[in-house]
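Observations on the three-dimensional arrangement
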Amino acid sequence: AQSVTQLDSQVPVFEEAPVELRCNYSSSVSVYLFWYVQYPNQGLQLLLKYLSGSTLVKGINGFEAEFNKSQTSFHLRKPSVHISDTAEYFCAVINTGTASKLTFGTGTRLQVTL
Amino acid sequence: GAGVSQSPSNKVTEKGKDVELRCDPISGHTALYWYRQRLGQGLEFLIYFQGNSAPDKSGLPSDRFSAERTGESVSTLTIQRTQQEDSAVYLCASSLSRGGANVLTFGAGSRLTVL
């Protein structure tokens, strides 16, 4: 079974500052990794995904994440945030082999202020 | 449809009542998932459908929870004799097929409040 840990439940940041949202996973087999974003009163929306290939993955809205197999991490970064980035961010993992279920972390609330 | 549609968007019910939550997946998506999101917590897997069958029901918390899917389309999640701890947002997602690389598309959720 796999698991996901998002250590930061909330991350406050000023507009135009850089941000990193941390995600660590645990799995005994190879995995695919995802970041989803949930804006207020909306469903989850895919931000980016790592399936294979380059470990640096670029997503929508200027976000990127780097897969680090040795550290079992998939941290999300953005060099300069906007007010509109205020949302809940979820990291998720699924095993590549069997079609197991997507396992989510507990989420990180990104609060961007002026 | 263009996206995953869920109804009702909000439901307030009294403890002990039964509730039904509906999910209309994206047309052509054979895989359908139900998740539960409690306040301040991550998404908790409930059940997965491939077509009309449910090969993974491991996340259903008790026998008060059941789900069905018909016509490889609409799915209904039923909670019998609701309890206060059932209060949560219930999210439905669909994907083209089973398989880890398939991206899930989520609906906006059904917020259930049990008084």
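Above this text you will find the structure in question.
Remember, predicted model here, so these are calculated numbers, not experimental data. (Residues numbered from 1 in each chain as written. Chains lettered and ligands numbered in written order. Predicted model: local features only at pLDDT ≥ 70, side-chain atom pairs only at ≥ 80, totals over all residues. Heavy atoms only, no water.)

Here we take up the sheet that holds strand β7 (residues 65-69) of chain B. Residue and element names in this part refer to chain B. Taken together, four strands build an open sheet; the order of strands is β1-β3-β8-β7 and the sheet is antiparallel. Only two strands of the sheet have a single neighbouring strand rather than two, namely β1 (5-7) and β7. On average, each strand axis in the sheet is tilted by 15° relative to the strand beside it, whichever way the strands run. The pairing of β7 with strand β8 (residues 75-79) spans five bridges and is antiparallel. Bridge pairing in β8 links Arg69 to Ser75. (Pairing = 2+ DSSP bridges. Helix = DSSP H or I, 4+ residues; strand = E, 2+ residues; numbered from the N terminus. Axes fitted to C-alpha atoms, helices over the stretch in contact; angles between N-to-C directions.)

Looking now at the interface of chain B and chain A. Each partner contributes to the interface: chain B provides 18 residues, whereas chain A provides 19 residues. Interface of chain B and chain A: buried area, both sides summed, is about 1500 Å²; carbon and sulfur atoms make up 62% of it. If you look at where chain B meets chain A, you find zero salt bridges. Summed over the shared surface of chain B and chain A, the number is three residue pairs in polar contact (both at pLDDT 80 or more). Elements supplying a minimum of two residues to the side of chain B that touches chain A: β4 (31-37) and β5 (43-50) of chain B. Class assignment of the residues belonging to the side of chain B that touches chain A gives a composition of nine nonpolar, seven polar and two charged. (Contact = heavy atoms within 4.5 Å. Buried area = accessible area lost by both parts, 1.4 Å probe. Salt bridge = Lys/Arg side-chain N within 4 Å of Asp/Glu carboxyl O. Polar contact = N/O pair within 3.5 Å; in protein donor to acceptor, adjacent residues only side chain to side chain. Nonpolar A, V, L, I, M, F, W, Y, C, P; charged D, E, K, R; others polar.)

Here we take up the packing of aromatic side chains. Taken as a whole and judged by the stated rule, the model has twelve aromatic pairs over all chains. When the ring of Phe63 of chain A is compared with that of Tyr89 of chain A, the centres are 5.4 Å apart and the planes differ by 45°; the resulting orientation is tilted. Placement of the pair is Phe63 of chain A in the loop between β7 (56-58) and β8 (64-68) and Tyr89 of chain A in strand β10 (residues 87-95), with a sequence separation of 26 residues. An identical accessibility class is assigned to Phe63 of chain A and Tyr89 of chain A; each is buried. For the ring pair Tyr33 of chain B and Tyr48 of chain B, a centre distance of 4.9 Å and an interplane angle of 35° mean the geometry is tilted. Residue Tyr33 of chain B is located in strand β4, and its partner Tyr48 of chain B is located in strand β5; the two are separated by 15 residues in the primary sequence. Owing to a relative accessible area of 3%, Tyr48 of chain B belongs among the buried residues under this scheme. Here a set of aromatic residues connected by ring pairs shows up, and it is made of Phe34, Tyr36, Phe90 and Phe104 of chain A together with Tyr35, Phe45 and Phe106 of chain B. (Phe/Tyr/Trp six-rings, centres within 6.5 Å; stacked < 30°, edge-to-face > 60°. Buried < 20%, exposed > 50% of the residue type's maximum accessible area, 1.4 Å probe, protein only.)

Moving on, we come to the state of the cysteines. Residue and element names in this part refer to chain A. One pass over the full model with this rule turns up two disulfides over all chains. A sulfur-sulfur distance of 2.0 Å marks the disulfide that ties Cys23 to Cys91. Because the sign of the S-S torsion sets the handedness, a value of about -65° for the bond joining Cys23 and Cys91 places this disulfide among the left-handed ones. Within this pair, whereas Cys23 is found in the loop between β3 (19-21) and β4 (24-26), its partner Cys91 is found in strand β10, the two being separated by 68 residues in sequence. Classification of Cys23 as buried rests on a relative accessible area of 0%. (Disulfide = S-S within 2.5 Å.)

Here we take up the pairing of strand β3 (residues 19-24) of chain B. The two faces of a sheet get side chains in turn, since along a regular strand they alternate between them. All names here are of chain B. In β3, alternate side chains face the same way, and those of Val19, Leu21 and Cys23 are buried while those of Glu20, Arg22 and Asp24 on the opposite face are not. In terms of strand pairing, β1 meets β3 through three bridges, oriented antiparallel. When the sheet's bridge partners are listed, Gln6 is paired in β3 with Cys23. In this sheet, β8 lies alongside β3 in antiparallel orientation, the contact comprising five bridges. Looking across to β8, one finds that Glu20 is bridged to Thr78.

If you look at the biggest cluster of nonpolar residues, it comprises 28 residues, and the most contacted ones within it are Trp35, Leu48, Phe74, Leu76 and Tyr89 of chain A. Looking at this core, the elements that each hand over two or more residues are β2 (10-14), β3, β5 (31-38), β6 (44-50), β8, β9 (73-78), β10 and β12 (108-113) of chain A. The contact partners of Phe74 of chain A, leaving out residues within four places of it in the chain, are Cys23, Leu33, Phe34, Trp35, Leu48, Lys49, Tyr50, Ala65, Glu66, Phe67 and Cys91 of chain A. One finds Leu44 and Phe104 of chain A together with Tyr33 and Leu104 of chain B within the second-largest nonpolar core, a separate group that totals 20 residues. (Core = buried A, V, L, I, M, F, W, Y, C linked by side-chain atoms within 4.5 Å.)

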